[in-house]
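Summary of structural features
Letter by letter, the chains look like this.
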Amino acid sequence: MMKLTRPLLGLLVLAASCSAPETPTGTTDNTGKDAAADGLDRTVLPIHEPTPASITEMDARNAKAPAAWSVTAPKNAPNVVVVLIDDIGFGASSAFGGPIHMPTLERMAQNGLRYNRFHTTALCSPTRVALLTGRNHHVNNAGAIMELATGFPGNTGVRPQSVAPLAEILRLNGFSTAAFGKYHETAPWEVSVSGPFDRWPTRSGFDKFYGFIGGETNQWAPAIYDGVTRVEPPKRADYHFTTDMADQAINWVSAQQTLTPDKPFYMYFAPGATHAPHHVPKAWADKYKGKFDGGWDALREESFARQKQMGVIPANTKLTPRPAQIPAWADMNEQQRKLFARQMEVFAGFAEHTDHEVGRLVEQLEAIGELDNTIFFYIVGDNGASAEGGPEGTYNEMMALNGIVGKAEQMMDHLDTWGGPTTYPHYSIGWAWATNAPFQWTKQVASHFGGTRNGMVVHWPQGISAKGELRSQFHHVIDVAPTVLEACQLPEPRLVNGVEQRRMDGVSMAYSFGDPKAAERRTTQYFEMFGNRGIYHEGWMACTRHSIPWLLMKNPPLSEDVWELYHIDEDFSQANDLAAQQPEKLKELQKLFEQEAIRNHVFPIDDRRSERFDPRIAGRPDLMGGRTKLTVYPGMVGMMENAFINVKGVHHTITAEVEVGERTDGVIICQAGYFGGWTLYMKEGRVRHEYNWFALERTNIGSAKPLSPGRHTVVYEFFPDEAKPGTGGRSILRVDGQVVAEGRIPKTQPFSFSGDEGADVGRDNETNVSLDYKQHENAFTGKITRVTVETLPVTPQ
């Protein structure tokens, strides 16, 4: 049954009354007055409950109880939904002229507003913390992804207490709150049963969380948390995480509105798609069969023409040329073209499938009568399209994250299954560049719009009368939170949970809802990622591209970077570098960048990438705290890499005390999964160890005879060839002190095993490290007393 929607609200003009730091550069003040229309002081959260009056009547039968007190949202406050798609470029979706059909996005755009000058930070975690707090990413201590945190302010990976998330602000103002999908805002050493959980979703303002904590997940076998509890996904043949999270979101909002129809909700819906691995049912990929055979150069030109025709870019926009570091399609051989075309077919299917699942959520909001009264942000990308797959893409993205470049000849055997459960794929850099049309560069390159400009649609029928219009004011992801507060008639709080708050860096976009020509209120914005940096100010952009994501080479000194200058108000795509013509303007903006960098804790700049996966190199906290020995027990599963002894390429032993019967089977201990890791297990009574190098090379050793029934001590030992990441080495397996097997591992994974699969004792959850046992059916059938993992000094062999 359709329910009556809350009437159209009037937007508040928010004024200043706060002793917090000065208003950030390039914004207006978003702090509200102490007293809201309902008489409550919502600038101090939690809202103080009234002191009850004393009652003199002794007998309750003769007394009247006062009205119950509770915090409720402002009258007529809308619901809020924020959808954030992962790793997709400005020129990918059909709503912004791209080749990928996204009908839900188109529908929302036709009944709402498209923003074509909306920006992100150029990388996952930084964009997410900025989106959910309204503060710049370095202010959130998220200068890069959480897994690359360092010891410097601006990069510690720990959100300050003075930066309350939007979810907490809304929750304390009477909203129901929930997050589904990817989070990637929790420091890696805080992802364990020991917490602290302060920066997990359910301690960051969300009543409900269902999703994954890290940066990516296997869509076919995800590592899911419900709240703070690790849970296994439903076991069904057609399982896909995006569908699962959509089911969860639909169920939650339906129940929430059924039980509390007058209570508004805030939902953050952030699929792992379209971040690698590019996993999608084959039928979705096959819809694009043959559509990319012309290659990335042609695709980019076709998208550029559509963008002009649709009016989503100005008529005078120039298509920026292909950088020399990206190969021409014409130079690809037949084998490469066949592989690369399939890569893009799978990605396109993945994106359309994701939009379909967003569409199911939209349909349910409509069915329960809440769509029109929901301010719905559909953000098409947390950064530009990703070039992290390298020049030829990769069938296993973990190789690229470890700095190993894939080759087409390695991948041809996986062509027919690309995007399925036996692949963990990422497309080649040419497609990333093509789907960032008309801009230069890609994800991670924060200096140019190919890394930072993403399409956004805002849909709110009860609050926005314009339909199908374009907005071109310059805005940034930090502007979403202030926009929500203004739409919900809420002031920006000055005190949250007893902590004085740093003011939001963002500025509300609500002024643009009714006026396409309104003067933009974001006049200044800095950008920085891995040394790629820039500054926007009053229609101009100064920037320097310091590093390239896929080139494994020593970067030049920061002081030698060459800066560029663009008049963005007249040059939409950063095509005309004016640095030589206007050196004084460039110097002015460089000085402004330095000021903003210092104010936001951008300095010192750190341009290291994969090597920072190692906490010893990065200088961040490590849950192991320098320990060299860890004893684990049955039932300890899902221990993430940063919550486990680092055995990659070092001398180490794994000692398992077990009790076995006749023909004992199953996993004693393992780390990671099908796409790389190691496992100590038993099969038909024989003890075995397998090292899995990116699912391309496997080294398996084992005892010739079954173990006799009873207690045994099993020891695996690895001796590295040399002290460097990725080294090979010798492995030995002993039972009760006797050598039962030996072998050589040619090479090891240097920096990381998995995006989110951890170490498990007594089973191998998610995907199976070894093909010698089945996924989900590998629990140890004997008894494990304890397992000790120990790293040791290098011993000459």
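Residues numbered from 1 in each chain as written. Predicted model: local features only at pLDDT ≥ 70, side-chain atom pairs only at ≥ 80, totals over all residues. Heavy atoms only, no water.

Side note on empty space enclosed by the protein
Test applied: Method remark: on a 1 Å grid restricted to protein atoms, a set of points is classed as a cavity if a 1.4 Å probe fits but cannot get out and as a pocket if it is open with protein on both sides within 12 Å along at least five of seven lines; lining residues have an atom within 4 Å of a point. Grid points are joined across faces, edges and corners, and a volume is the space filled by probe spheres set on the points. In this text, helices come from DSSP runs of H or I with a minimum length of four residues, and strands from runs of E with a minimum of two, each type numbered from the N-terminal end. Three categories are distinguished: nonpolar for Ala, Val, Leu, Ile, Met, Phe, Trp, Tyr, Cys and Pro, charged for Asp, Glu, Lys and Arg, and polar for the others, with Gly belonging to the last.
For the structure shown, the criterion picks out four cavities of 30 Å³ or more. Considered as a void within the structure, the largest cavity measures approximately 80 Å³ in volume. For the lining of the largest cavity, the secondary-structure elements that each account for two or more residues are strand 21 (652-660), strand 24 (686-693) and strand 26 (710-720). When its residues are assigned to classes, the lining of the largest cavity shows seven nonpolar, four polar and one charged.

Some points on helix 7 (residues 334-367)
What sets the pattern is the α-helix's 3.6 residues per turn: residues three or four places apart point alike. To keep things clear, this is the line we draw: Here the expected length of a helix is defined as 1.5 Å per residue gap, with one fewer gap than residues. Summary of the burial criterion: residues with accessible area below 20% of their type's maximum are buried, those above 50% are exposed, and those between are partly exposed, where the area comes from a 1.4 Å probe applied to protein chains only. Two N or O atoms count as a polar contact when they lie within 3.5 Å, although within protein this holds only if one can serve as hydrogen donor and the other as acceptor, and sequence-adjacent residues are included solely when both atoms are side-chain atoms.
Across its 34 residues, helix 7 extends 49 Å between first and last C-alpha, which sits within 8% of the 50 Å expected from 1.5 Å per residue. Counting buried residues along helix 7, 24 of its 34 residues qualify, which places the element largely inside the surrounding structure. Taking the backbone nitrogen of Gln-335 as reference, a side-chain oxygen 3.1 Å away marks Asn-333 as the first, capping residue of helix 7. Immediately beyond the C-terminal end of helix 7, within one or two residues, lies Gly-369, with a positive phi of roughly 80°.

Quick word on the environment of Asp-355
For clarity, the cut-off: We call two residues in contact when some of their heavy atoms are within 4.5 Å.
Here Asp-355 shows up in helix 7. The spacing of Asp-355 and Glu-106 is 249 residues in sequence and 9.9 Å in space, taken between C-alpha atoms. Ignoring anything within four residues of it in the chain, the contact list for Asp-355 reads Met-102, Pro-103, Thr-104, Leu-105 and Tyr-378.

Here we look at the sheet that holds strand 23 (residues 676-683)
Inclusion rule: A pair of strands counts as paired when DSSP detects no fewer than two bridges linking them. Fitted lines through C-alpha atoms serve as axes, helices being fitted only where they are in contact, and the angles separating the N-to-C directions of these axes extend from 0 to 180 degrees.
Here we have five strands laid out as an open sheet, ordered 25-24-23-22-29, and antiparallel in their pairing. Taken across any chain shown, the strands that pair with only one partner, and hence form the sheet edges, are strand 25 (697-702) and strand 29 (759-761). The average angle at which neighbouring strand axes cross in this sheet is 10°, direction not considered. Across three bridges, strand 22 (residues 666-673) lies against strand 29 in antiparallel orientation. Counted as the bridge partner of Ile-669 is Val-761 from strand 29.

Observations regarding the pairing of strand 11 (residues 455-459)
Among the five residues that make up strand 11, five are buried, leaving the element largely enclosed by the rest of the structure. Side-chain alternation along strand 11 places Gly-455, Val-457 and His-459 on one buried face and Met-456 and Val-458 on a second face that is also buried. Pairing of strand 3 (residues 113-115) with strand 11 involves three bridges; the strand directions are antiparallel. Pairing of Arg-114 across the sheet is with Val-457, part of strand 11.

Regarding the side chain of Thr-394
Within the secondary structure, Thr-394 sits in the loop between strand 10 (374-380) and helix 8 (397-401). Classification of Thr-394 by relative accessible area gives buried; the value is 1%. One polar contact links the side chain of Thr-394 to the main-chain carbonyl oxygen of Asn-396, over a distance of 2.8 Å. Once residues within four sequence positions are removed from consideration, Thr-394 is found in contact with Gly-389, Met-399, Ala-400, Met-411, Trp-418, Tyr-424, Pro-425 and His-426.

Topic: the packing of helix 1 (residues 103-110) against helix 7
Cut-off, in case you're wondering: The scheme is simple: roughly parallel for angles under 35 degrees, roughly antiparallel for over 145, roughly perpendicular for 65 to 115, oblique for anything else.
Between helix 1 and helix 7, the least distance of the axes is 8 Å, while the angle of their chain directions is 50°. As judged from the angle between their axes, helix 1 and helix 7 are oblique. Residue-level inspection shows Pro-103, Thr-104, Leu-105, Arg-107 and Met-108 of helix 1 in contact with helix 7, the latter providing Asp-355, Val-358, Gly-359, Val-362 and Glu-366. Broken down by class, the residue content of the contact of helix 1 with helix 7 amounts to five nonpolar, two polar and three charged.

Details of unusual backbone geometry
The bulk of non-glycine residues show a negative phi, and the bulk of peptide bonds are trans. Residues Ala-276 and Pro-277 are joined by a peptide bond in cis, for which omega reads 5°. As for its placement among the helices and strands, Pro-277 is situated in the loop between strand 9 (265-270) and helix 5 (282-286). With an omega of 0°, the peptide bond running from Phe-603 to Pro-604 counts as cis. Considering the arrangement of structural elements, one finds Pro-604 in the loop between helix 13 (583-599) and helix 14 (615-618). Not every positive phi belongs to a glycine, and Asp-87 is a case in point at roughly 55°. Tracing the sequence through the fold places Asp-87 in the loop between strand 2 (79-84) and helix 1. The backbone of Ala-672 shows a phi angle near 75°, a positive value even though the residue is not glycine.

Some remarks on the sheet that holds strand 10
Sheet strands pair by backbone hydrogen bonding; their relative direction is either parallel or antiparallel. The 10 strands lie next to each other as 8-7-6-5-9-2-10-11-3-12, forming an open sheet whose pairing is mixed. Lying at the two open borders of the sheet, with one neighbouring strand each, are strand 8 (229-231) and strand 12 (469-471). Taking each pair of neighbouring strands and ignoring which way they run, the sheet shows an average axis angle of 15°. Sheet topology places strand 5 (residues 176-182) next to strand 9; six bridges connect them, and they run parallel. In the sheet register, Ser-176 faces strand 9, and the bridge partner there is Phe-265. Strands in contact with helix 1 are strand 3, strand 10 and strand 11; relative to strand 10, the strand with the most contacts, it is inclined by about 130°. Here helix 4 (residues 241-259) sits on the sheet in contact with strand 2, strand 5, strand 6 (208-212), strand 7 (224-226) and strand 9, set at roughly 175° to strand 9.

Points about the confidence of the model for the protein chain
Cut-off, in case you're wondering: pLDDT expresses how confident the predictor is about each individual residue, on a scale running from 0 to 100.
Averaged over all residues, the pLDDT of the protein chain equals 93, while 95% of them reach at least 70. In the model, residues 1-22 has pLDDT below 50 throughout and makes 67 contacts with residues more than four positions away in sequence or in other chains.

Considerations on the side chain of Thr-150
Assignment of secondary structure puts Thr-150 in the loop between helix 2 (124-133) and helix 3 (166-171). A residue is classified by how much of its surface remains accessible, and Thr-150, at 3% relative accessible area, is buried. In this structure the side chain of Thr-150 is engaged in a polar contact, spanning 3.3 Å, whose partner is the backbone nitrogen of Phe-152. Residue contacts for Thr-150: discarding those within four places in its chain leaves Asn-155, Thr-156, Asp-606, Arg-608, Arg-612, Ala-618, Gly-619 and Arg-620.

Brief notes about the pairing of strand 30 (residues 783-791)
Where strand 20 (residues 629-632) lies against strand 30, four bridges are found, and the strand directions are antiparallel. By the bridge assignment for strand 30, Lys-629 is matched with Glu-790. The sheet contact formed by strand 21 and strand 30 spans eight bridges and is antiparallel. Bridging across to strand 30, Val-658 finds its partner in Ile-784.

Let's talk about the packing of aromatic side chains
Where we set the bar: Between 30 and 60 degrees the pair is tilted, below 30 it is stacked and above 60 it is edge-to-face, where a pair is any two Phe, Tyr or Trp rings, Trp via its six-membered ring, whose centres lie within 6.5 Å. Here, a charge over a ring is recorded when the distance from Lys NZ or Arg CZ to the ring centre is within 6 Å and its angle to the ring normal is within 35 degrees.
Applying the stated criterion across every chain yields a total of 31 aromatic pairs. Residues Phe-90 and Phe-439 carry aromatic rings whose centres are separated by 5.3 Å and whose planes lie at 70° to one another, so their mutual orientation is edge-to-face. One end of the pair, Phe-90, is in the loop between strand 2 and helix 1; the other, Phe-439, is in the loop between helix 10 (429-434) and helix 11 (449-452), and 349 residues separate them in sequence. With respect to burial, Phe-90 and Phe-439 carry one shared label: buried. Grouping aromatic residues by their ring pairs yields a cluster made of Tyr-288, Phe-292, Trp-296, Trp-329, Phe-340 and Trp-431. Sitting over the ring of Phe-572, Arg-453 keeps its end group 4.8 Å from the ring centre. A cation over an aromatic ring shows up here: Arg-698 above the ring of Tyr-674, its NZ or CZ 5.4 Å from the ring centre.

Topic: the nonpolar core
The test is simple: We define the nonpolar core as a collection of buried residues of types Ala, Val, Leu, Ile, Met, Phe, Trp, Tyr and Cys that are connected through side-chain atoms lying within 4.5 Å of one another.
Ranked by size, the top nonpolar core spans 143 residues in total, and within it Met-267, Phe-269, Tyr-378, Ile-668 and Ile-669 carry the most contacts. Residues contacting Met-267, with those up to four places away along its chain left out, are Val-80, Val-81, Val-82, Ala-178, Phe-180, Ala-249, Trp-252, Val-253 and Leu-361. Listed in part, the 55 residues of the second largest apolar core include Tyr-115, Leu-172, Trp-460 and Phe-513.

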